[in-house]
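# A structural walkthrough
Spelled out from the first residue to the last, the chains are:
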Amino acid sequence: MKTEKLIDVDAVARAAKIIKSGELVAVPTETVYGLAADANNPDAVAKIFAAKGRPADHPLIVHIASAEHLTNWAEHIPDSAFQLAAAFWPGPLTFILPKKNCVNNVVTGGHKSVGVRCPAHPLMRELLLELNTGLAAPSANPYKKISPTTAEQVLFGLEGKIAAVLDGGPCEVGLESTILDLTVETPRILRAGPISKAQIEQVLGVEVLLPKKHNIAVSGNVKAHYQPNKPLYAFSTEELKAKLLQPRNDIAVLYYTATLVSHIEQARLPSLKLGEDKPSYAKGLYYGLFTLDKADIREIWLELPPQNELWVDVHDRLSRAVSN
Ligand code: TXA
Ligand code: MG
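Moving on to the pattern of salt bridges. In total, this model carries 17 salt bridges according to the counting rule given. One salt bridge connects Glu 30 with Arg 117, and the closest N-O pair in it is separated by 2.9 Å. Here Glu 30, found in the loop between strand E2 (25–27) and strand E3 (34–38), pairs with Arg 117, found in strand E6 (residues 113–117); they are 87 residues apart in sequence, far enough to count as distant. Both residues of the pair, Glu 30 and Arg 117, count as buried. Linking Arg 317 and Glu 176 is a salt bridge whose minimum nitrogen-to-oxygen distance equals 2.8 Å. You can see Arg 317 sitting in helix H12 (residues 312–321) and its partner Glu 176 sitting in the loop between strand E8 (164–166) and strand E9 (178–181), a full 141 residues away along the chain. Of the two residues examined, Arg 317 and Glu 176, each falls in the buried class. One network of salt bridges, with partners in common, ties together Glu 176, Asp 316, Arg 317 and Arg 320.

Turning our eyes to something else, we now look at the sheet that holds strand E14 (residues 299–303). If you walk across this open sheet you meet the four strands as E11-E14-E12-E13, and the pairing is parallel. Each edge of the open sheet carries a strand with a single partner, namely strand E11 (232–235) and strand E13 (271–273). Across the sheet, the axes of successive neighbouring strands diverge by a mean angle of 15 degrees, strand direction being ignored. Strand direction decides the pairing type here: E11 and E14, joined by four bridges, are parallel. Paired with Tyr 233 across the bridge in E14 is Trp 301. On top of the sheet, helix H11 (residues 278–293) reaches E11, strand E12 (251–255), E13 and E14; it is set at about 160 degrees to E14, its chief contact.

Definitions and cut-offs
- Residues numbered from 1 in each chain as written.
- Chains lettered and ligands numbered in written order.
- Predicted model: local features only at pLDDT ≥ 70, side-chain atom pairs only at ≥ 80, totals over all residues.
- Heavy atoms only, no water.
- Salt bridge = Lys/Arg side-chain N within 4 Å of Asp/Glu carboxyl O.
- Helix = DSSP H or I, 4+ residues; strand = E, 2+ residues; numbered from the N terminus.
- Buried < 20%, exposed > 50% of the residue type's maximum accessible area, 1.4 Å probe, protein only.
- Pairing = 2+ DSSP bridges.
- Axes fitted to C-alpha atoms, helices over the stretch in contact; angles between N-to-C directions.
- Contact = heavy atoms within 4.5 Å.

And the structure:
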């Protein structure tokens, strides 16, 4: 199949038409690109699993236009969901809620719960309003690979396997949404993300759980995930400085501290510098890995960010992406 790149003024209308016809369109969100199908069309949703090579029991997030649509997909919705939606939607926060009977098992991978989120990207919002349904969408990457944050990156992984990509430019956030399980007594974060534990607690006025490991069989909980093709090794700033004193010529470096610039220039290595604050580091991370992965090198060396609460989502993704 030829994958259309939709970028003109009528791109959203064309994307809506393709989705209505039961085909897949990769769509921009503020976090990462998603691979979307009409959540009410099980045959279309099944194509998502085929295109990604994703196991059928890994549930998908349903994307909706506003909190008013929550009741179309979930039941027994606690007040906390509406409070959090008022504070953070549209935005990078996904709720796990008891699913409504009518929600197809293909979407939820056979689970009794459903993931729901209202994304913030203007083109995605326009598309959701035009379609007036939910869009089932995982990240638009082949299974276990890095989530795409540009249309180019989507095409690199899925060209020929999907009908179209709606080009909305580079994603603002660059890291997948926070996933919050609201089916349990005390809300718990299943995937750390851009909306932090502290932000959620501030709205709810109660403590929420952030288990280090949980045993729920979902794709983001697989150890080897978010991986570039080349081996990725992570080092502290000091370790990296020391290693760069005896550089090899077959590596590329993804780093963020300004003090490393001269070391890297001297070593004459392909490299990319990420932003020094958490939002800019996160925004550039996947694109940086994707870009260096394509260079003529054997390994990527990455400078680890600080080990503190603020960076917990970045460390979560890195721990699954690195080879060491
Ligand atoms: O930012 C994001 O969340 C992006 C954009 C496209 O919205 N989506 C995304 O989807 O990262 P995906 O499928 O790559 O990761 C979603 C995670 C998976 O680990 C999935 O298994 C989990 O959410 N998930 C979805 N529904 C669930 C459910 N009912 N119970 C537990 N986990 C669920
Ligand atoms: Mg994913």
